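In case you want the letters, here they are:
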Amino acid sequence: MDFDLRTWIEEVEKLNELKRVKEKVDWDLEIGAIDELVARYYGNRYAVLFENIKDSPKGFKVLINSIGSLKRLACALGIQGIESRMDLVRTLKSRMSEVDAVSPKKVKKAPILENIEKKDEIDLTKFPTPKWHELDGGRYIGTGCAVITRDPDTGEINYGTYRVMLHDKNTVGFYISPGKHGRIHRDKYFARGEPCPVAMCFGIHPAIFLVSSNEIPPHMNELEFLGGLTGEPVEIVEAPVTGLPVPACAEIVVEGYSYPERLKEEGPFGEWTGYYGSSMREEPYVEVENLMYRNDPILLGAPPSKPPSEQSFRCYIRSALLWENLERAGIPSVTGVWCHEAGGSRMFNVVAIRQRYPGHSKQTALVASQCHAGAYLGKYTVVVDDDIDPTNDFEVIWAMCTRVDPEKDIEIIRKTWSGPLDPSVPFDERGFKGFNSRVVIDACRSYDRLNEFPEVAEASPELMERTRKKWSKFFEE
C-alpha cells in the first residue's frame, strides 16, 4: 500500500468523490465554512482540494473532508467490498484482533526532503493556513495532523493528533489534553527541566491521520499498528534535528523543541464537541528549527466543529477498538458496536450483544464505559440486544423506550475521566476540570424474562426477503 496523500487523491478522484476548486478561495473563514457546508448540507459526499488560495504561493493547496465518507475511509485503509457502516466496523475489528506490529521502514531518499529550510530561512506563514471558525483565536495549521514525540524513559514513539496554532514564521503552539500520550511525554521532559523534542506533520495520508487521532493497542505505536492493519510498512525518514521518525511521503513537516515555562497565548479553538473548550490562555509552543516540505505541498485540514462533520470518520475505528477492548476483557457474544458521531465518537456509545447469562448486559455496559477506548469523556453507554442495529438511531431509541425500566436499568458512575473539552463540566476554583459522571443504560430485554418478553411485531427476515425480491421492482419503478 502506498501511504502517499497524492496517490490516495488520485484513487478518490476515480471514485468520483473529489472536487477540485480552481477558483480563488480565502483562507480567512471561507475554507472553514465550506468544510461545514460539505459536511452538514451535502452529507460528506466529497473531499475538496483547494488549488488557488488567497495570499499563498502558486501550487500550495489545502485538502478538506478527506475521509468523511464510508468509501473514502475504506479507500484510505485499502479495504474493499464495504456496503454498510457496520461492515467496516466488523472488518476493522477482525483485523485488529489479529494485528501484529509491522515496523516502519527507514529510507534515505523521500519526497519530504525536496525542500529543507533551517532556522532563519523558515517562514511558516507562506503556507495556506486557514482560520477555520469565526471565534478562533488565530490560524490553525495543525488539524489533520500527526504530532510526534518520544517517551524519555522508554524511547517509545507516539503519533497524536493535537491542535497546532500558527504563532509566527517559526513558532507554533500546541494544546494537548491531560492524559494523552503526547502530554505525558512532554510533561516528563518538563519535569526534568529539559526541552521536549517535537516533530509535526501537516500533510499526511489519511490513514496516518486516522491512527494518530484514535486510541490504539498500547503495545505498539501508531505507525506499527497501521502497518499491521494494512499489511504494509510505512516508510519513514529520521528528522535531522530531533531524530524523530517522520513519514517519508508527508507533505509538510516541522521539527524543533518545546521548552518548560516558555509559553504563548493559544486559542480559543472550536472543538469536536461542537463547542469552544476554553478561552485564550498560555500554552507551551514549539520553536521550529527545521522545516521540510514537498514541491507544491498539500495541507491536510480536518477542523473539528459541531456535528455532523468530517470527524465522523473516528466512529469506525473507535467502534472497532471498543469492540476489541470488550473481547479482550472477556465479554462474550458482542455482535456490534457503534460510537455515535453526535457524541464525537466518545460521548454516546452503543453495544449490541447476544445475552448469555444473568448480568451479562450490565457487565458489558460497565466495561464499555471504562475500558481504554471508551473511558475518555464518555457520557452515555447503551447496551442492546442483538436484534438491534447499533448504527440505527431509531432502533436504539426504540429499545431504550421499550426495554428499559429507568429505576432498574440505568446506573450513574461518578468521578470518571473527563477533560477540559467537556462543555457540561465547569472549571473549579483552581481551574481544574478532569472528572465527569456517566450513565450506563441496559436496554436489553431482562434476562429473567427472555422467554416471556413480548414478541416484536414485524415480518420475519425470511418473509421480508421473499417480499422484497417479489415487489422491489414495483416500488423502484
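Residues numbered from 1 in each chain as written. Predicted model: local features only at pLDDT ≥ 70, side-chain atom pairs only at ≥ 80, totals over all residues. Heavy atoms only, no water.

**Q** Please set out the packing of aromatic side chains residue by residue, giving values where relevant.
**A** Scanning the model with the defined rule gives 11 aromatic pairs in all. Centroid distance Phe60 to Phe127: 5.6 Å. Interplanar angle 25°. Geometry classified as stacked. Within this pair, whereas Phe60 is found in the loop between strand E2 (47–50) and strand E3 (61–64), its partner Phe127 is found in the loop between strand E5 (115–118) and strand E6 (140–142), the two being separated by 67 residues in sequence. Given the relative accessible area of 9%, Phe60 is considered buried. On the basis of relative accessible area, Phe127 is assigned to the buried category, the value being 1%. One aromatic cluster is present, formed by Phe60, Phe127 and Tyr293 through successive ring pairs. Here the basic side chain of Lys433 rests over the ring of Phe427, its NZ or CZ set 4.5 Å away from the ring centre. (Phe/Tyr/Trp six-rings, centres within 6.5 Å; stacked < 30°, edge-to-face > 60°. Helix = DSSP H or I, 4+ residues; strand = E, 2+ residues; numbered from the N terminus. Buried < 20%, exposed > 50% of the residue type's maximum accessible area, 1.4 Å probe, protein only. Lys NZ or Arg CZ within 6 Å of the ring centre and 35° of its normal.)

**Q** Please set out the sheet that holds strand E21 (residues 410–417) residue by residue, giving values where relevant.
**A** Across a sheet, strands are paired by hydrogen bonds formed along the backbone, either parallel or antiparallel in direction. Sheet architecture is open: 5 strands sit in the order E18-E19-E20-E22-E21, paired in mixed fashion. The outermost strands of the open sheet, each flanked by one partner alone, are strand E18 (334–339) and E21. Strand-to-strand twist of the sheet, defined as the mean angle between neighbouring strand axes without regard to direction, takes the value 20°. (Pairing = 2+ DSSP bridges. Axes fitted to C-alpha atoms, helices over the stretch in contact; angles between N-to-C directions.)

**Q** Pulling in residues and values, what's your account of the sheet that holds strand E13 (residues 245–247)?
**A** The strand order E4-E12-E13 describes an open sheet built from 3 strands, whose pairing is mixed. Looking at strand neighbours, the two that pair on one side only are strand E4 (105–106) and E13, the edges of this open sheet.

**Q** With reference to specific residues and values, describe the environment of Pro104.
**A** Along the chain, Pro104 falls in the loop between helix H4 (85–98) and E4. Along the backbone, Pro104 and Glu235 are 131 residues apart, and their C-alpha atoms lie at a distance of 5.6 Å. Residues within four places of Pro104 in sequence aside, it is in contact with Leu223, Glu224, Val234 and Ile236. (Contact = heavy atoms within 4.5 Å.)

**Q** Break down the state of the cysteines for me, with residues and values.
**A** Using the criterion set out here, one finds 0 disulfides in the structure. Its sulfur unpaired, Cys75 is 15 Å from the next cysteine sulfur, which belongs to Cys249. Take Cys75: its relative accessible area is 16%, and that puts it in the buried class. The thiol of Cys444 is unpaired, and the distance to the nearest cysteine sulfur, on Cys401, comes to 15 Å. Its relative accessible area of 3% is what places Cys444 among the buried residues. (Disulfide = S-S within 2.5 Å.)

**Q** Describe the pattern of salt bridges, listing the residues and the values that go with them.
**A** Tallied over the full model, the rule gives 36 salt bridges. The salt bridge partner of Arg445 is Asp387, with a shortest N-O separation of 3.2 Å. Here Asp387 lies in the loop between strand E20 (380–385) and helix H10 (393–403) and Arg445 lies in the loop between strand E22 (435–443) and helix H12 (461–476), a separation of 58 residues in the sequence. Residue Arg445 is classed as buried on the basis of its relative accessible area of 17%. For Asp387, a relative accessible area of 37% gives the class partly exposed. Each of Asp4, Arg6, Glu251 and Arg294 takes part in a single network of salt bridges with overlapping partners. (Salt bridge = Lys/Arg side-chain N within 4 Å of Asp/Glu carboxyl O.)

**Q** Tell me about unusual backbone geometry, residues and numbers included.
**A** Cis rather than trans, the peptide bond between Gly267 and Pro268 has omega equal to -5°. Secondary-structure assignment places Pro268 in the loop between strand E15 (263–266) and strand E16 (281–293). Pro307 connects to Pro308 through a cis peptide bond whose omega is 0°. Among the secondary structure elements, Pro308 is positioned in the loop between strand E17 (298–301) and helix H8 (313–328). Non-glycine residue Leu29 carries a positive phi angle of around 80°. Mapped onto the secondary structure, Leu29 falls in the loop between strand E1 (18–21) and helix H2 (30–41).

**Q** Tell me about the nonpolar core, residues and numbers included.
**A** Ranked by size, the top nonpolar core spans 80 residues in total, and within it Trp8, Leu63, Leu77, Leu92, Phe225 and Val246 carry the most contacts. Of the residues forming this core, the biggest block, 9 residues, is contributed by H8. The contacts of Trp8, once residues within four sequence positions are left out, are Leu63, Ser66, Ile67, Arg72, Cys75, Ala76, His205 and Pro206. Counting residues in each nonpolar core, the second largest holds 40 residues, with Val48, Val62, Tyr189 and Cys196 among its members. (Core = buried A, V, L, I, M, F, W, Y, C linked by side-chain atoms within 4.5 Å.)

**Q** Please give an account of a negative patch on the surface that cites residues and values.
**A** On the surface, a cluster of negative charge is made up of Asp2, Glu10, Glu11 and Glu235. As for its placement among the helices and strands, Asp2 is situated in the segment before helix H1 (5–14). (Patch = residues over 30% accessible without salt bridge, like charges linked within 9 Å, V, L, I, M, F, W, Y side chains within 5 Å. Areas by Shrake-Rupley, 256 points an atom, 1.4 Å probe, with all protein chains shown as cover. Lys, Arg positive; Asp, Glu negative; His and termini not counted. Charge placed at Lys NZ, Arg CZ, Asp CG, Glu CD.)

**Q** Provide a residue-level description of the environment of Tyr316, including the pertinent values.
**A** Within the element layout of this structure, Tyr316 appears in helix H8. Sequence spacing of Tyr316 and Ser460 is 144 residues, and the spatial spacing of their C-alpha atoms is 29 Å. Residue contacts for Tyr316: discarding those within four places in its chain leaves Leu70, Leu73, Arg85, Leu88, Val89, Leu92 and Trp338.

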